[in-house]
Amino acid sequence: MREKGVKAMQNRPAIVAAGRTKFGEHYEKEPEKLIEEAWLKASVEADIERKDLEACYLSDYFLPITNKLGLEEGFLSELTELHVPMEVTRSFGSALSNACNAIQAGKYDVVLVGGIEKMTDRWDKIRDDLMLLEDPWSYYAGCTPEANHELMLRAYMKEYGIEGDDAEKLNIALAQIAVKNHLHGTKNEYAQYQRKITVEQVINARKEARKPLGLYDYAPISDGAAIIILTSEDVAKKFTDKPVHVLGSSSATDYLTFPAREDLTRFLVSEIAMKNALKMAGVNLWDIQIVELYDQSTVMEMVSLEDLGFCERGKAWRSIYESYQDCKGYYEIEGKKIFVNMNGGLKADGNPLGATGGAQVFEVVKQLRGEAGERQVKSEKELEYGCVLELEGFGTKGYVYILGRD
């Protein structure tokens with residue numbers, strides 16, 4: 001029996017094309033050049049033209065601040081020379097949610113969902129901009145974007161009594177997450193960082209900072225754009241014979257003030273959204289073979305494995321530590337395999353906020369279609385289902401999407 005408010009997906013939205021730019025520093029490129037580059041890749045893939053688009057859903061966090069753009073909808077209208085309905089949200093997950101609703105309602109058959117961010121233009125002020133995502137109490141207390149990650153780690157270790165040798169293994173496991181994601185990033189032509197790092201480098205950076213987490217535990221500041229073309233189920237056949245369907249989706253919200261939440265060792269939004277998205281999709285947790293997690297820090301990848309249900313509470317670090325011993329590129333949890341952040345995650349792929357979720361969807365789509373090149377998952381069973389988790393703020397809002405092939 002489905003829970004109240006959770007219904008099976010009708011008129012399944014289909015992703016027929018995906019395009020993106022390389023993430024990194026694009027100081028020389030205007031925002032419109034980045035979004036144009038991503039659009040052209042998607043349009044060529046599906047042989048689709050601007051005139052085919054019936055609506056656009058775009059996401060960005062800071063474009064009005066970082067690039068002095070007013071109404072982004074007008075900016076996009078100029079760029080596409082279209083006058084169709086356009087809506088702007090913060091995260092790609094939110095834009096995708098609105099697009100899915102419109103497709104399912106039968107309002108449109110072909111829409112563009114895009115994400116864009118330029119952050120490196122404001123190196124000297126971007127940290128202040130990021131603090132806008134915190135609550136006023138944290139802001140005026142001088143809470144940095146990194147403070148909540150360290151607070152969560154400390155709360156996690158206290159809650160589960162992790163100390164001594166176990167604490168040492170947990171710290172190594174967090175470093176292994178960064179090493180694993182950088183390794184995956186070397187196979188991703190779009191990744192901001194395409195070089196390997198070592199566990200020793202991660203730990204030394206923490207010692208240098210004299211903090212529990214160091215430079216290599218965090219995702220970088222990035223520029224970039226990503227786009228998908230979403231259609232109704234019937235119209236998808238017109239553009240591709242390999243559509244990837246949105247089988248389930250859900251979002252949830254939590255307190256803006258992280259320290260005010262009842263449980264500081266998890267993201268409640270991820271747990272709720274995953275539970276409802278699975279019910280909507282009608283698939284079991286372990287049917288999912290590949291997951292793109294929102295690893296703004298190594299702590300977030302570890303905790304998210306528990307929030308989504310792949311690991312027991314307080315034990316994800318142990319599964320990560322033991323999986324890394326032979327570093328096969330996946331986590332092995334109680335005999336089951338889960339491939340995580342094959343594009344390098346936010347840690348290596350990059351994190352241009354409004355476009356980040358688009359890159360996550362891009363990766364799962366490419367993997368399900370067998371088009372991920374060198375980083376294609378090699379599994380005994382052909383890939384059928386993937387999952388994307390995107391968060392806004394520090395777990396204030398969460399989106400989960402279950403994607404699958406026919």
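Provided above is the structure to which this section pertains.
Quick caveat, the model's predicted, so the values are computed rather than measured.

Rules used throughout
Residues numbered from 1 in each chain as written. Predicted model: local features only at pLDDT ≥ 70, side-chain atom pairs only at ≥ 80, totals over all residues. Heavy atoms only, no water. Helix = DSSP H or I, 4+ residues; strand = E, 2+ residues; numbered from the N terminus. Rg over C-alpha atoms; globule rule 2.2 N^0.38 Å. Buried < 20%, exposed > 50% of the residue type's maximum accessible area, 1.4 Å probe, protein only. Contact = heavy atoms within 4.5 Å. Areas by Shrake-Rupley, 256 points an atom, 1.4 Å probe, with all protein chains shown as cover. Polar contact = N/O pair within 3.5 Å; in protein donor to acceptor, adjacent residues only side chain to side chain. Axes fitted to C-alpha atoms, helices over the stretch in contact; angles between N-to-C directions. Left-handed = near helix turned anticlockwise from the far one by under 90°. Nonpolar A, V, L, I, M, F, W, Y, C, P; charged D, E, K, R; others polar. Pairing = 2+ DSSP bridges. Salt bridge = Lys/Arg side-chain N within 4 Å of Asp/Glu carboxyl O. Phe/Tyr/Trp six-rings, centres within 6.5 Å; stacked < 30°, edge-to-face > 60°. Parallel < 35°, antiparallel > 145°, perpendicular 65-115°, else oblique. Core = buried A, V, L, I, M, F, W, Y, C linked by side-chain atoms within 4.5 Å.

Chemist: Run through the overall build of the chain, naming residues and quoting values.
Modeler: The helix and strand tally for the chain stands at 15 helices and eleven strands. Here the C-alpha atoms of the chain give a radius of gyration of 20 Å, agreeing with the 22 Å that 2.2 N^0.38 yields for 406 residues. Along the first, second and third principal axes, the C-alpha atoms of the chain reach 60 × 45 × 40 Å. Relative to its 406 residues, the chain shows a buried fraction of 60%. Taking contacts inside the chain between residues at least 6 apart in sequence as the whole, the part at least 24 apart equals 76%. When the accessible surface of the chain is summed, it comes to about 17,100 Å², and 48% of that surface belongs to carbon and sulfur atoms.

Chemist: Tell me about the side chain of Gln 289, and please be specific about residues and values.
Modeler: Within the secondary structure, Gln 289 sits in the loop between helix 11 (268-281) and strand 7 (290-292). Of the polar contacts made by the side chain of Gln 289, one reaches the backbone oxygen of Glu 382; its length is 3.2 Å. Residues within four places of Gln 289 in sequence aside, it is in contact with Ile 338, Phe 339, Lys 381, Glu 382, Leu 383, Glu 384 and Tyr 385.

Chemist: I'd love a proper account of the packing of helix 8 (residues 165-185) against helix 9 (residues 199-209), names of residues and values included.
Modeler: Contact pair helix 8 / helix 9: the axes reach a minimum separation of 8 Å and the direction vectors enclose 120°. Between helix 8 and helix 9 lies a crossing of right-handed hand. Contacts from Asn 171, Ile 172, Leu 174, Ala 175, Gln 176, Ala 178 and Val 179 of helix 8 reach helix 9 at Val 199, Val 202, Ile 203 and Arg 206. Here the residues of the contact of helix 8 with helix 9 are counted per class, giving eight nonpolar, two polar and one charged.

Chemist: Tell me about the sheet that holds strand 8 (residues 331-333), residues and numbers included.
Modeler: Strand order in the open sheet formed by eleven strands is 3-2-4-5-1-6-11-10-7-9-8, with mixed pairing between adjacent strands. The two strands at the open ends of the sheet, each matched to only one other strand, are strand 3 (86-89) and strand 8. With direction set aside, neighbouring strand axes in the sheet form an average angle of 25°. Relative to strand 10 (residues 385-392), strand 7 runs parallel, the two sharing three bridges. The residue bridging Glu 292 from the neighbouring strand is Val 388, located in strand 10. Running over the sheet, helix 4 (residues 92-104) touches strand 2 (55-59), strand 3, strand 4 (110-117), strand 5 (224-231), strand 6 (244-253), strand 10 and strand 11 (397-404) and is turned about 170° from strand 4.

Chemist: Can you tell me about unusual backbone geometry, naming the residues and giving the values?
Modeler: Although it is not a glycine, Asp 47 sits at a positive phi angle of roughly 50°. The residue Asn 341 is not glycine, and still its phi comes out positive at about 50°. By the element assignment, Asn 341 lies in the loop between strand 9 (336-340) and helix 14 (345-349).

Chemist: Kindly report on the pattern of salt bridges, identifying the contributing residues and their values.
Modeler: Should their charged atoms come close, side chains of opposite charge can pair. Inspection of every chain in the model, using the stated rule, returns 27 salt bridges. The salt bridge partner of Lys 315 is Glu 312, with a shortest N-O separation of 3.4 Å. Because the salt bridges share partners, they merge into one network encompassing Asp 263, Arg 266, Glu 271, Glu 306, Asp 307 and Arg 313.

Chemist: Could you give an account of the environment of Gly 70, naming the residues involved and the relevant values?
Modeler: Its location among the elements puts Gly 70 in the loop between helix 2 (63-66) and helix 3 (72-80). Looking at Gly 70, the relative accessible area reads 53%, which means it is exposed. For the pair formed by Gly 70 and Ala 173, sequence separation is 103 residues and the distance between their alpha carbons is 44 Å.

Chemist: Mind laying out the packing of aromatic side chains, listing which residues take part and the relevant values?
Modeler: By the definition in use, this model includes seven aromatic pairs. Judged by centre distance (5.7 Å) and plane angle (85°), the ring pair of Tyr 190 and Phe 362 falls under edge-to-face. Of this pair, Tyr 190 sits in the loop between helix 8 and helix 9 while Phe 362 is found in helix 15 (residues 353-368), placing the two residues 172 residues apart along the sequence. When the centroid spacing of 4.8 Å and the interplanar angle of 85° are considered together, the rings of Phe 258 and Phe 394 count as edge-to-face. Placement of Phe 258 in the loop between strand 6 and helix 11 and of Phe 394 in the loop between strand 10 and strand 11 is noted, with a sequence separation of 136 residues between them. Accessibility classification places Phe 258 together with Phe 394 in one group, the buried group. Grouped by ring-pair contacts, the aromatic residues Phe 258, Phe 267 and Phe 394 constitute a single cluster.

Chemist: Residues and numbers for the packing of helix 8 against helix 12 (residues 298-307), please.
Modeler: Running from amino to carboxyl end, helix 8 crosses helix 12 at an angle of 100°, the nearest separation of the two axes being 9 Å. When the interaxial angle is binned, helix 8 and helix 12 end up roughly perpendicular. Contacts between helix 8 and helix 12 involve Leu 170, Leu 174, Ile 177, Ala 178, Lys 180 and Asn 181 on the former and, on the latter, Thr 298, Val 299, Glu 301 and Met 302. Considered class by class, the residues forming the contact of helix 8 with helix 12 number six nonpolar, two polar and two charged.

Chemist: An account of the nonpolar core is needed here, citing residue identities and associated values.
Modeler: Among the nonpolar cores identified, the biggest contains 61 residues, and Met 274, Ile 288, Met 302 and Ile 402 are the most heavily contacted of them. For this core, the element with the most residues is helix 11, which contributes six residues. Those residues within four positions of Met 302 in sequence are excluded, and the remaining contacts are Tyr 156, Leu 170, Leu 174, Ile 177, Ala 316, Trp 317 and Ile 320. Judged by nonpolar contacts, the second largest core, of 37 residues, contains Ala 95, Tyr 190, Leu 368 and Leu 403.

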